[in-house]
Amino acid sequence: MEYVDVPPGHPRAESLRIRGKLIKHFKEGVVVAAGLIAHGRGEAFDYLLGERTTEPALKAIEAAAATLLIAKRPVISVNGNTTALALEEVVELWLELNNARIEVNLFHRSFERELAIERLLKEAGVKEVLGVGDAASASIPGVLSERRRVDPRGIFIADAVLIPLEDGDRAEALAKMGKTVIAIDLNPLSRTARSASITIVDNVVRAMPKLVKAVKKLKGSSYEELRRISFEFDNRRNLAEALRLINNRLLELAAKGVALEL
Ligand code: PTJ
């Protein structure tokens, strides 16, 4: 099959494999064409970060895990790209959290896409998927796009919302509603990254398994300890660290002679 059939030993094998997943899901109507473009933007930032989970990202993952564990009504918001790249981990996280709900929320909303994503989640063991069809009957004030439509049993009443791969409007509006917004976004400069309470600047492919691991690890911690981890996290400082890291990395590469390193 095209793209998925990556030649062994290809220096960009992992990156090609991930693209293959997105293309497959695009053809199956899960990922939208704009999702392929969005992934390209993400890849560019991933290159600058060194295609690894950085220290600031690990700190954000720990804070995200603690926040989700103390949340009373946590919701994992799922779109096309997240389904293509991290479906298993979304389900694992949902299972680990006990009280979490999974809600489909799409920028390019269509009933067919909602159903396609719901089907994959149900095949993976999720009993009820929120936000599908008429169930998305509530509205997020101030959001003009289709992302405004949410489930009154899910995102609308959530206290913490995990939004992997987002566009900025909804992240800002959810924060205004008083919700704790946890974003996964490779672009530390995006509006989403800047308006979230916790931004994990990492590829969703690497961040989601690490988030599941962090939840498993912190599960035994006391409520006070989890609150401390969550409250001590400073998103602005963390984003600044991510930018500094990119900057320093580029300066180091330039000093060494970039051709030797890449
Ligand atoms: O499935 P839908 O209809 O909800 O549409 C999803 C997309 C992604 C098309 C929609 O949300 C969109 O247009 O998003 P944006 O505004 O392009 O923003 C996507 C952000 O995700 C950008 O800041 C990218 O850098 C970032 N990004 C892309 N791929 C990844 C990523 N972040 C983490 N991991 C990735 N693999």
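All of the points below concern the structure found in this document. Sequence order sets the numbering: in each chain, residues are counted from 1 along the sequence as written. At least 70 in pLDDT is required for a residue's local features to be given in this predicted model, at least 80 for side-chain atom pairs to be given and counted, and no such filter applies to totals for whole chains, interfaces and linings, which use all residues. Values reported for side chains reflect all heavy atoms of the structure, with hydrogen atoms and water molecules removed beforehand.

Observations concerning the packing of helix 4 (residues 80–97) against helix 5 (residues 111–123)
We apply this condition: Axis definition: a line fitted to C-alpha atoms, over the contacting stretch in the case of helices. Angles run 0 to 180 degrees between N-to-C directions. The helix and strand labels rest on DSSP assignments: H or I over at least four residues marks a helix, E over at least two residues marks a strand, and numbering proceeds from the N terminus. Orientation is classified from the angle alone, with under 35 degrees giving roughly parallel, over 145 giving roughly antiparallel, 65 to 115 giving roughly perpendicular, and any other angle giving oblique. Crossing chirality is assigned from the near helix's rotation relative to the far helix, an anticlockwise turn below a right angle marking it left-handed and a clockwise turn marking it right-handed. The criterion used for residue contact is that any of the two residues' heavy atoms lie within 4.5 Å.
In the contact formed by helix 4 and helix 5, the axes pass within 10 Å of each other and the chain directions differ by 25°. Taken together, the axes of helix 4 and helix 5 lie roughly parallel to each other. Relative to helix 5, the crossing made by helix 4 is right-handed. Here G80, T83, L87, V90 and V91 of helix 4 come into contact with helix 5, specifically with R113, I117, L120 and L121.

Thoughts on the pattern of salt bridges
Rule in force here: When a carboxyl oxygen of Asp or Glu is within 4 Å of a side-chain nitrogen of Lys or Arg, the pair counts as a salt bridge. Between buried and exposed lies partly exposed: a residue is buried under 20% and exposed over 50% of the maximum accessible area for its type, with that area taken using a 1.4 Å probe on protein chains only.
Under the definition given, this model contains 24 salt bridges. Measuring nitrogen to oxygen at the nearest pair gives 3.2 Å for the salt bridge that ties R119 to E123. Of this pair, R119 and E123 both sit in helix 5, four residues apart, which is roughly one turn of the helix. Overall, R119 belongs to the partly exposed group, its relative accessible area being 47%. In this structure, a network of salt bridges that share partners links the residues R101, E128, D151 and R153.

Quick notes on the environment of P56
Its place among the elements puts P56 in helix 3 (residues 55–70). Here the alpha-carbon distance between P56 and A242, two residues 186 residues apart in the chain, equals 6.2 Å. Once residues lying within four places of it in the same chain are set aside, the contact partners of P56 are N238, E241, A242 and L245.

Overview of the pairing of strand 2 (residues 101–104)
Note the following rule: Here, a strand pair is defined by DSSP locating no fewer than two bridges between the strands. The definition of a right-handed crossover adopted here requires that, viewed with the strands pointing away, the path from the first strand over the helix to the second runs clockwise.
Bridging between strand 1 (residues 74–78) and strand 2 involves four bridges; their strand directions are parallel. Across the sheet, V75 pairs through a bridge with R101, a residue of strand 2. Regarding topology, helix 4 serves as the crossover connection from strand 1 to the parallel strand 2, and that connection is right-handed. Pairing between strand 2 and strand 3 (residues 129–130): two bridges, direction parallel. Bridging from a neighbouring strand, I102 pairs with V129 of strand 3. For the handedness criterion, the β-α-β arrangement of strand 2, helix 5 and strand 3 is classed as right-handed.

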